[in-house]
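Residues per chain are reported as follows:
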Amino acid sequence: MMTGKIRNYYAGGNTAKGFYSLYDDALKGLDRLFILKGGPGTGKSSLMKAIGEAVSRKGIDIEYLHCSSDNQSIDGVILPNYKVGIVDGTAPHVIEPKAPGVIEDYVNLGVAWDTEKLLTHKEEILRLNKNISSTFQKAYDTFAQALKAHDDIEEIYINNMDFEEANKLTEELIKLFYGDDVANKSATVKHRFLGAATPKGAVDFIQNLTEDIDKRFFIKGRAGSGKSTMLKKIAAAGEKKGFDVEVYHCGFDPHSLDMVILREQGIAIFDSTAPHEYFPNRETDEIVDMYQRCIAPETDEKWAADIARTTKPYKDKMKEGISYLAEAKELRDQLEAYYIEAMDFKKVEEIQNDILQEVNRIIENKA
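Criteria and thresholds
Residues numbered from 1 in each chain as written. Predicted model: local features only at pLDDT ≥ 70, side-chain atom pairs only at ≥ 80, totals over all residues. Heavy atoms only, no water. Helix = DSSP H or I, 4+ residues; strand = E, 2+ residues; numbered from the N terminus. Rg over C-alpha atoms; globule rule 2.2 N^0.38 Å. Buried < 20%, exposed > 50% of the residue type's maximum accessible area, 1.4 Å probe, protein only. Contact = heavy atoms within 4.5 Å. Lys, Arg positive; Asp, Glu negative; His and termini not counted. Charge placed at Lys NZ, Arg CZ, Asp CG, Glu CD. Salt bridge = Lys/Arg side-chain N within 4 Å of Asp/Glu carboxyl O. Pairing = 2+ DSSP bridges. Patch = residues over 30% accessible without salt bridge, like charges linked within 9 Å, V, L, I, M, F, W, Y side chains within 5 Å. Areas by Shrake-Rupley, 256 points an atom, 1.4 Å probe, with all protein chains shown as cover. Phe/Tyr/Trp six-rings, centres within 6.5 Å; stacked < 30°, edge-to-face > 60°. Lys NZ or Arg CZ within 6 Å of the ring centre and 35° of its normal. Domains from an automatic or database assignment. Buried area = accessible area lost by both parts, 1.4 Å probe. Polar contact = N/O pair within 3.5 Å; in protein donor to acceptor, adjacent residues only side chain to side chain. Nonpolar A, V, L, I, M, F, W, Y, C, P; charged D, E, K, R; others polar. Axes fitted to C-alpha atoms, helices over the stretch in contact; angles between N-to-C directions. Parallel < 35°, antiparallel > 145°, perpendicular 65-115°, else oblique. Left-handed = near helix turned anticlockwise from the far one by under 90°.

- In the annotation of an unreviewed UniProt entry, the chain is listed under the name ATPase and assigned to Halalkalibacter akibai.

In structure tokens form, the structure reads like this:
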């Protein structure tokens, strides 16, 4: 029995710029989207996982959109080859429908709760909601402070950087990746997060996303050594030539890039420094060392004291931000308990079966 390929990534993140959503991009091009509405603990994630597993068992590829606020939860499941998706449409995932009723179906799990039961906990629920919001805000403010400290580290390297050399290296890679190849079509560009700051720390899916890629390039370097700029140029060159590009943003600073995958070319290139530090473990893996190539020799040694001084607040603030995410998760668990107690999960199961039936119908029609 062949199970389908499962790809994992994030479409939203708890970042230094607040909750940052790439949902519109992740859900772009779907012909059918089920948007789940309902409170925390109403079984949205379990429903999506169950449908994902059922479909995957048929040998169909799926993509899981993971939840950055809860390591055990998913925010969505997509069947890319059938252009169908199911997604959690509750805050903070605001999803702008393109054509409600034609493309998007709203699925209300609220029909399965006992309103009377919830009302007996009204004050508690309101209080928890308020606390959860303010705890997330604390996390975002702290990550913003961490980003400031990170900018200070970057500045040291930027001042010791040979930009001409960085441009040359970028041009070499673009030539290596594409040569004179042109894809005679318009490119599909997907924006996602490869990882996230979660209640359990930094998590990433680099290994899963690159497992079937022939050639992987591991970028080594320091903060400010031009890794993200290089990735942006490689992505832009691919798009211009008509190749499909998967663009993976940094879960800490969403304006920065961490990885570009060119599946048609069998190439992945990613920032392989902490918190997603990996080392080549396949014959075909290659290192691109930007520190060696683009930074003045002995910068690390010369500026060691300044680097240490700026690295400490960055690491401390990251740790503190993560602790607020863990705190928010605990509060959310308390909130979920009230909903779980008030839910009729038999009704949720009926809804799940209805969606699965509809998804199966779409699959059969495409066959």
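The structure having been displayed, the exposition proceeds.
### Examining the overall build of the chain
Okay, step 1: Secondary structure assignment for the chain yields 11 helices and 16 strands.
Okay, step 2: Compactness check: the chain gives a C-alpha radius of gyration of 22 Å against a globular reference of 21 Å for 367 residues, within 12% of the reference.
Okay, step 3: With the C-alpha coordinates of the chain rotated into their principal frame, the extents come out at 70 × 50 × 35 Å.
Okay, step 4: For the chain, the residues scored as buried account for 53% of the 367 residues in total.
Okay, step 5: Taking the contacts inside the chain whose residues are at least 6 apart along the sequence as the reference set, 80% of them involve residues at least 24 apart.
Okay, step 6: Between the centroid of the 48 positive side chains of the chain and the centroid of its 61 negative side chains there is a distance of 1 Å.

### As for the pattern of salt bridges
Okay, step 1: Across all of its chains, the model carries 24 salt bridges by this definition.
Okay, step 2: A salt bridge links Asp316 to Lys312, with the nearest nitrogen and oxygen atoms 2.5 Å apart. Of the two residues, Asp316 and Lys312 are both situated in helix 10 (residues 304-342); the distance of four residues between them amounts to about one turn of the helix.
Okay, step 3: Asp316 gets classed as partly exposed once you look at its relative accessible area, which sits at 37%.
Okay, step 4: Judged by relative accessible area, Lys312 falls into the exposed class, the value being 51%.
Okay, step 5: Three or more residues joined by partner-sharing salt bridges are found here, namely Lys5, Arg7, Glu63, Arg192, Asp212, Glu246 and Arg263.

### Describing the pairing of strand 10 (residues 195-198)
Okay, step 1: The alternating pattern of strand 10 places Gly195 and Ala197 and Ala196 and Thr198 on opposite faces, both of which are buried.
Okay, step 2: Connecting strand 10 to the antiparallel partner strand 11 (residues 201-204) that follows it, the hairpin turn spans two residues.

### Concerning a negative patch on the surface
Okay, step 1: Taken together, the side chains of Asp344, Glu349, Glu350 and Asp354 define an acidic patch exposed on the protein surface.
Okay, step 2: Looking at the element boundaries, Asp344 is found in the loop between helix 10 and helix 11 (345-366).
Okay, step 3: Taking relative accessible area as the criterion, Asp344 reaches 33% and is therefore assigned partly exposed.

### A few points about the packing of aromatic side chains
Okay, step 1: Evaluated as defined, the whole model comprises nine aromatic pairs.
Okay, step 2: Ring geometry for Phe252 against Tyr314: centres 5.9 Å apart, planes inclined by 55°, an arrangement best described as tilted. Placement of the pair is Phe252 in the loop between strand 13 (245-249) and strand 14 (257-262) and Tyr314 in helix 10, with a sequence separation of 62 residues.
Okay, step 3: You can call Tyr314 buried: its relative accessible area is 17%.
Okay, step 4: An aromatic cluster is defined as three or more aromatic residues linked by ring pairs; in this entry it consists of Phe177, Tyr178, Phe217 and Phe243.
Okay, step 5: Sitting above the plane of the Tyr9 ring, Arg192 keeps its charged end 4.0 Å from the centroid.

### Observations regarding the domain arrangement of the chain
Okay, step 1: Here the chain is described as being made up of domain 1 (6-111 + 345-366) and domain 2 (162-295).
Okay, step 2: Centre-to-centre, using C-alpha coordinates, domain 1 lies 27 Å away from domain 2.
Okay, step 3: Each partner contributes to the interface: domain 1 provides 24 residues, whereas domain 2 provides 25 residues.
Okay, step 4: When the two sides are added together, the surface that domain 1 and domain 2 hide from each other amounts to roughly 2,100 Å², 55% of it contributed by carbon and sulfur.
Okay, step 5: It is Arg7, Tyr10 and Asn71 in domain 1 that bury the most area against domain 2; as a group they hold 30% of the surface buried on that side.
Okay, step 6: Counting across the domain 1 and domain 2 interface gives two salt bridges.
Okay, step 7: With its nearest N and O atoms 3.1 Å apart, the salt bridge here joins Asp212 to Arg7.
Okay, step 8: Inspection of the domain 1/domain 2 interface yields nine residue pairs in polar contact (both at pLDDT 80 or more).
Okay, step 9: When contributions to the side of domain 1 that touches domain 2 are tallied by element, the ones reaching two or more residues are strand 1 (6-10), strand 2 (12-15), helix 1 (23-26) and strand 5 (62-66).
Okay, step 10: Sorting elements by how many residues they give to the side of domain 1 that touches domain 2 places strand 1 first, with five residues.
Okay, step 11: The residue makeup of the side of domain 1 that touches domain 2, split by class, is eight nonpolar, 10 polar and six charged.

### Section: the side chain of Asn160
Okay, step 1: Along the polypeptide, Asn160 turns up in the loop between helix 4 (122-158) and helix 5 (163-178).
Okay, step 2: A residue is classified by how much of its surface remains accessible, and Asn160, at 16% relative accessible area, is buried.
Okay, step 3: When neighbours within four sequence positions are excluded, Asn160 is seen to be in contact with Cys294, Ile295, Ala296, Thr299 and Trp303.

### Examining unusual backbone geometry
Okay, step 1: With an omega dihedral of 5°, the bond running from Ala91 to Pro92 counts as a cis peptide bond.
Okay, step 2: Position of Pro92 among the secondary structure elements: in the loop between strand 7 (84-88) and strand 8 (104-108).
Okay, step 3: With an omega dihedral of 5°, the bond running from Ala274 to Pro275 counts as a cis peptide bond.
Okay, step 4: Along the polypeptide, Pro275 turns up in the loop between strand 15 (267-271) and strand 16 (286-289).
Okay, step 5: For Lys83, which is not a glycine, the phi torsion comes out positive at approximately 55°.
Okay, step 6: Within the fold, Lys83 resides in the loop between strand 6 (74-79) and strand 7.

### Some thoughts on the packing of helix 4 against helix 10
Okay, step 1: Running from N to C, helix 4 and helix 10 point in directions that differ by 165°, and their axes come no closer than 8 Å. As summarised for this structure, helix 4 and helix 10 are arranged roughly antiparallel, according to the angle between their axes. The handedness of the crossing between helix 4 and helix 10 is left-handed.

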